[in-house]
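Examining the three-dimensional arrangement
Spelled out from the first residue to the last, the chains are:
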Amino acid sequence: MALPLDPAAPRDFDFIIGDWQVRHRRLHSRLTGCTDWETFDGWSSTVKTLGGFGNLEDNLLAFPDGAFRAIAVRSYCREAGTWSIWWLDGRNPTALDVPVTGRFADNVGLFYAEDVLNGQPIRVRFTWLAQPGANPRWEQAFSNDGGESWETNWTMEFVPAA
């Protein structure tokens, strides 16, 4: 039985609710000047939670060296008008990644966090592109200069599952 949704719940992530085949493209290494990309497939299924003030994305990623599961957990803060997104990797099931926080404007969601990569502080940016009539797209970028420049290191294109 599906629990009822709150009519006041935000609709920002409605574009990703459902089942998807995902086309991944990822840099082999990050913030090293690497230009070698790997591509692989994946699958994703997203449902609303928290009465519509959240959602849960279940993922199966078919990396070239083996498949694994992960989830994205998203929640909306009414007071701040922002979303937070956490990532939980099934290969390390005891630690949530640092959440990125942000909002949507004109069908583009921008989400940021301060994190650490290989012992060095970085900024993380997630970009969600949710243009009507187009497949959803997600990009991850890192900056090691406080956001002056960004290296996009992972992209995902979501295609409706058959």
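Residues numbered from 1 in each chain as written. Predicted model: local features only at pLDDT ≥ 70, side-chain atom pairs only at ≥ 80, totals over all residues. Heavy atoms only, no water.

The name that an unreviewed UniProt entry assigns to the protein chain is DUF1579 domain-containing protein, with the source organism given as [Empedobacter] haloabium.

**Some points on the sheet that holds strand β10 (residues 151-160)**
Pairing in this closed barrel of 10 strands is antiparallel, and the strands run β1-β2-β3-β4-β5-β6-β7-β8-β9-β10 around the ring. The average undirected angle you get between the axes of adjacent strands in this sheet is 25 degrees. (Pairing = 2+ DSSP bridges. Helix = DSSP H or I, 4+ residues; strand = E, 2+ residues; numbered from the N terminus. Axes fitted to C-alpha atoms, helices over the stretch in contact; angles between N-to-C directions.)

**Overview of the environment of Y76**
Mapped onto the elements, Y76 comes out in strand β4 (residues 66-77). Y76 sits 23 residues away from F53 along the chain, and the two C-alpha atoms are 5.2 Å apart. Other than its neighbours up to four places away in sequence, Y76 contacts P10, D12, F53, G81, T82 and W83. (Contact = heavy atoms within 4.5 Å.)

**What about the packing of aromatic side chains?**
How two aromatic rings sit relative to each other is set out by the distance from centre to centre and by the angle between their planes. As enumerated under the stated definition, the model contains 19 aromatic pairs in all. Seen in terms of ring centroids, F53 and Y76 are 6.3 Å apart; in terms of plane orientation they differ by 40 degrees. Their pairing is tilted. With F53 in the loop between β2 (37-49) and β3 (54-63) and Y76 in strand β4, this residue pair connects regions lying 23 residues apart in the sequence. The exposure class assigned to F53 is buried, which follows from its relative accessible area of 7%. With a centroid separation of 5.4 Å and an interplanar angle of 35 degrees, the aromatic rings of W128 and F158 are classed as tilted. Linking W128 in strand β8 (residues 120-129) with F158 in strand β10, this pair joins segments that are 30 residues apart in sequence. (Phe/Tyr/Trp six-rings, centres within 6.5 Å; stacked < 30°, edge-to-face > 60°. Buried < 20%, exposed > 50% of the residue type's maximum accessible area, 1.4 Å probe, protein only.)

**Observations concerning the pattern of salt bridges**
Pairing between side chains becomes possible if they bear opposite charge and their charged atoms approach one another. In this structure the tally under the stated criterion is 9 salt bridges. In this structure, E38 engages R26 in a salt bridge whose closest nitrogen and oxygen atoms are separated by 2.6 Å. Placement of the pair is E38 in strand β2 and R26 in strand β1 (residues 18-27), with a sequence separation of 12 residues. Given a relative accessible area of 14%, R26 falls into the buried group. (Salt bridge = Lys/Arg side-chain N within 4 Å of Asp/Glu carboxyl O.)

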